[in-house]
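If you want the building blocks of each chain, they are given just below.
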Amino acid sequence: MECLVNKACLIIIFLTTMVMNNVSSLQYFLTQPENTTAMVGSLVTLPCMVANMQGVCQWTRDGLGLGVDLELPAYPRHTMSENTCDLQIAPLLPSDEGVYQCQVGAMPGVGPITSQSASLRVTSEPGQPHITQA
């Protein structure tokens, strides 16, 4: 079968090369965080599951890296799941609002990956109104 240079042919060549070179070890996201709204005091889980994970997982909030340990020492209410890169925050505080991303670092022969951004919005129950006389 003669292969003309077109988009479909290039995809077939690429996939064949990957299989022949055993490049099935590429890491990629199975689940990614999504925009979330949660109540103050609740537990929130931002999902991040990576197939063929080879690098180290970390989360960022507003562009700042939170750390790579499962227990994040600088953020004692934040933990990463052992078997996935899910981020759990409990109890949720207004200061947890921000834009989060899951990242998995590079390893030899495997590039880093970064999830889509997800906004975390924290809401609270309205309090009792207080009427003051003017």
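Our subject is the structure listed above.
Conventions we followed
- Chains are numbered independently. Their residues run from 1 in the order of the written sequence.
- For a predicted model such as this one, the threshold for reporting local features is a pLDDT of at least 70, and the threshold for listing and counting side-chain atom pairs is 80 or more; totals across whole chains, interfaces and linings nevertheless cover every residue.
- Side-chain metrics in this entry use all non-hydrogen atoms of the structure; hydrogen atoms and water are not considered.
- In this scheme, strands are said to pair when DSSP sees at least two bridges between them.
- Helix and strand labels come from DSSP, where a helix needs a run of H or I of at least four residues and a strand needs a run of E of at least two; each type is numbered from the N terminus.
- Under this scheme, a helix contributes an axis fitted over its contacting stretch, all axes are lines through C-alpha atoms, and angles between N-to-C directions fall in the 0 to 180 degree range.
- Here's how the labels work: a residue is buried when its accessible area is under 20% of the maximum for its type, exposed when over 50%, partly exposed in between, all with a 1.4 Å probe on protein chains only.
- Between N or O atoms, a polar contact is any pair within 3.5 Å; within protein, one atom must be a potential hydrogen donor and the other a potential acceptor, and residues adjacent in sequence are included only when both atoms are from side chains.
- Contacts were defined at the residue level, with two residues in contact if any of their heavy atoms lie within 4.5 Å.
- Only buried residues count toward a nonpolar core. Its members are Ala, Val, Leu, Ile, Met, Phe, Trp, Tyr and Cys residues joined through side-chain atoms within 4.5 Å.

Trainee: Talk me through the sheet that holds strand S7 (residues 78–80); I want residue IDs and the actual numbers.
Mentor: Strands sit in the order S3-S8-S7 across an open sheet of three strands; the sheet is antiparallel. Either end of the sheet is taken by a strand with one partner, and the two such strands are strand S3 (44–46) and S7. Averaged over neighbouring strand pairs, the angle between their axes works out to 20 degrees when direction is ignored. Across three bridges, the pairing between S3 and strand S8 (residues 87–89) is antiparallel. Paired with Thr45 across the two strands is Gln88, which belongs to S8.

Trainee: Which residues make up the side chain of Thr84, and what are the values?
Mentor: Positionally, Thr84 belongs in the loop between S7 and S8. A residue is classified by how much of its surface remains accessible, and Thr84, at 16% relative accessible area, is buried. Reaching out from Thr84, the side chain makes a polar contact with the backbone nitrogen of Asp86 at a distance of 3.2 Å. With residues up to four places along the chain from it excluded, the contact list for Thr84 reads Cys48 and Met49.

Trainee: Mind laying out the pairing of strand S5 (residues 57–61), listing which residues take part and the relevant values?
Mentor: Walk down a regular strand and you will see the side chains alternate between the two sheet faces. In terms of burial, S5 is a largely internal element, four of the five residues being buried. Where S5 and strand S9 (residues 98–104) come together, five bridges link them in antiparallel fashion. Note that in S9 the partner of Thr60 across the bridge is Gln101. In the sheet, S5 pairs with strand S6 (residues 64–67) via three bridges, with the strands oriented antiparallel. Residue pairing in the sheet places Trp59 in a bridge with Gly67 of S6. Turn length for the S5-S6 hairpin, with the two strands adjacent in sequence and antiparallel, is two residues, and the turn residue Asp62 shows positive phi of about 50 degrees.

Trainee: With reference to specific residues and values, describe the nonpolar core.
Mentor: Membership of the largest hydrophobic core comes to 22 residues, with the highest contact counts inside it found for Trp59, Leu87 and Tyr100. Ranked by residue count, the leading element in this core is S9, at three residues. Among residues more than four places away in sequence, those in contact with Leu87 are Val44, Thr45, Leu46, Trp59, Leu66, Leu72, His78, Thr79, Met80 and Tyr100.

Trainee: With reference to specific residues and values, describe the environment of Leu93.
Mentor: Mapping Leu93 onto the fold places it in the loop between S8 and S9. In this structure Leu93 comes out as partly exposed when scored by relative accessible area, which is 33%. When the C-alpha positions of Leu93 and Thr123 are compared, they lie 9.0 Å apart, and in sequence the two are 30 residues distant. Sequence-distant contacts of Leu93, that is, excluding residues within four places in its chain, are made with Arg77 and Val122.

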